[in-house]
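Letter by letter, the chains look like this.
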Amino acid sequence: MKLSKKIVCSVLGAIALITGGVAVDSTEPVGPVVIQQQELGELRVSSAALELIGNAEGCRQDPYRCPAGLATNGIGNTHDVPSATVLLEQVAKDWVKNIQSAERCITKAESISGIAMTQGQFDAFTSFAFNTGCTKFRRNGNGSATQIYKHIMQGEYLKACEQLKRWVYSGGKKYNGLIVRRGLEYARCTQVD
């Protein structure tokens, strides 16, 4: 993949495409998503979660290598990344699919507990799983269950919220971007909607 000039895109523009223009600070689930007359299913996260995830990830229409070395484009998309620039509509469609994947991961853990999460908790944990991936959300390097996953499976959501603040390292190094993101996730996790 040849890297060229950075082509950034608008997170708010992608959110508007996904929500049909609903306010970014809404804490209600997004619901059905239709982009360019294509039905993409539903999103359980709120537009406030979209803003949190989008601003943490950034938005690029051109392909690049993320810190983990993966080919990436759009808003944290690492699946089927083309070598060419993509339109904002494609960025939004890919983002919806990736968020739905993170939502499935969190919904499965929530169903094990049998206790419903608040919207803020669901938003925060979905952002976290979007960032780490479902496997790292659930399992440590040695295969044991992570503390955050254990707490969620037990319905101990406030304890799981506290765990977010610990996930600020990548490759053994503390990252300011992760500190900021986890702080925002923690705030959303403990917010009463």
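Shown above is the structure to which this text applies.
An account of the accompanying structure is given in this report. (Residues numbered from 1 in each chain as written. Predicted model: local features only at pLDDT ≥ 70, side-chain atom pairs only at ≥ 80, totals over all residues. Heavy atoms only, no water.)

## A word on the state of the cysteines
Here's step 1: By the definition in use, this model includes three disulfides.
Here's step 2: Across the disulfide from C105 sits C134; the S-S distance is 2.1 Å. In this structure the cystine formed by C105 and C134 twists about its S-S bond by roughly 85°; its chirality is therefore right-handed. Of this pair, C105 sits in helix 3 (residues 88-113) while C134 sits in helix 5 (residues 134-138); the two residues are 29 residues apart in sequence, bridging distant segments of the chain.
Here's step 3: The disulfide pattern of the protein chain is 1-2, 3-4, 5-6 when the bonded cysteines are numbered in sequence order.
Here's step 4: Not engaged in a disulfide, the cysteine C66 finds its nearest cysteine sulfur in C59; these two sulfurs lie 15 Å apart. (Disulfide = S-S within 2.5 Å. Helix = DSSP H or I, 4+ residues; strand = E, 2+ residues; numbered from the N terminus.)

## Details of unusual backbone geometry
Here's step 1: The phi dihedral of Q36 falls on the positive side, at around 50°, and the residue is not glycine.
Here's step 2: One can find Q36 in the loop between strand 1 (29-35) and strand 2 (38-46).
Here's step 3: For D80, which is not a glycine, the phi torsion comes out positive at approximately 50°.
Here's step 4: Take D80: it is sitting in the loop between strand 4 (71-74) and helix 3.

## Focus: the packing of helix 3 against helix 4 (residues 119-132)
Here's step 1: Here helix 3 crosses helix 4 at 115°, and the two axes come no closer than 8 Å. Accordingly, the angle class assigned to the pair helix 3 and helix 4 is roughly perpendicular. For the pair helix 3 and helix 4, the crossing hand works out as right-handed. Judged by residue contacts, W95, N98, I99, A102, E103, I106 and T107 of helix 3 engage F122, F125, T126, A129 and F130 from helix 4.
Here's step 2: Considered class by class, the residues forming the contact of helix 3 with helix 4 number eight nonpolar, three polar and one charged. (Axes fitted to C-alpha atoms, helices over the stretch in contact; angles between N-to-C directions. Parallel < 35°, antiparallel > 145°, perpendicular 65-115°, else oblique. Left-handed = near helix turned anticlockwise from the far one by under 90°. Contact = heavy atoms within 4.5 Å. Nonpolar A, V, L, I, M, F, W, Y, C, P; charged D, E, K, R; others polar.)

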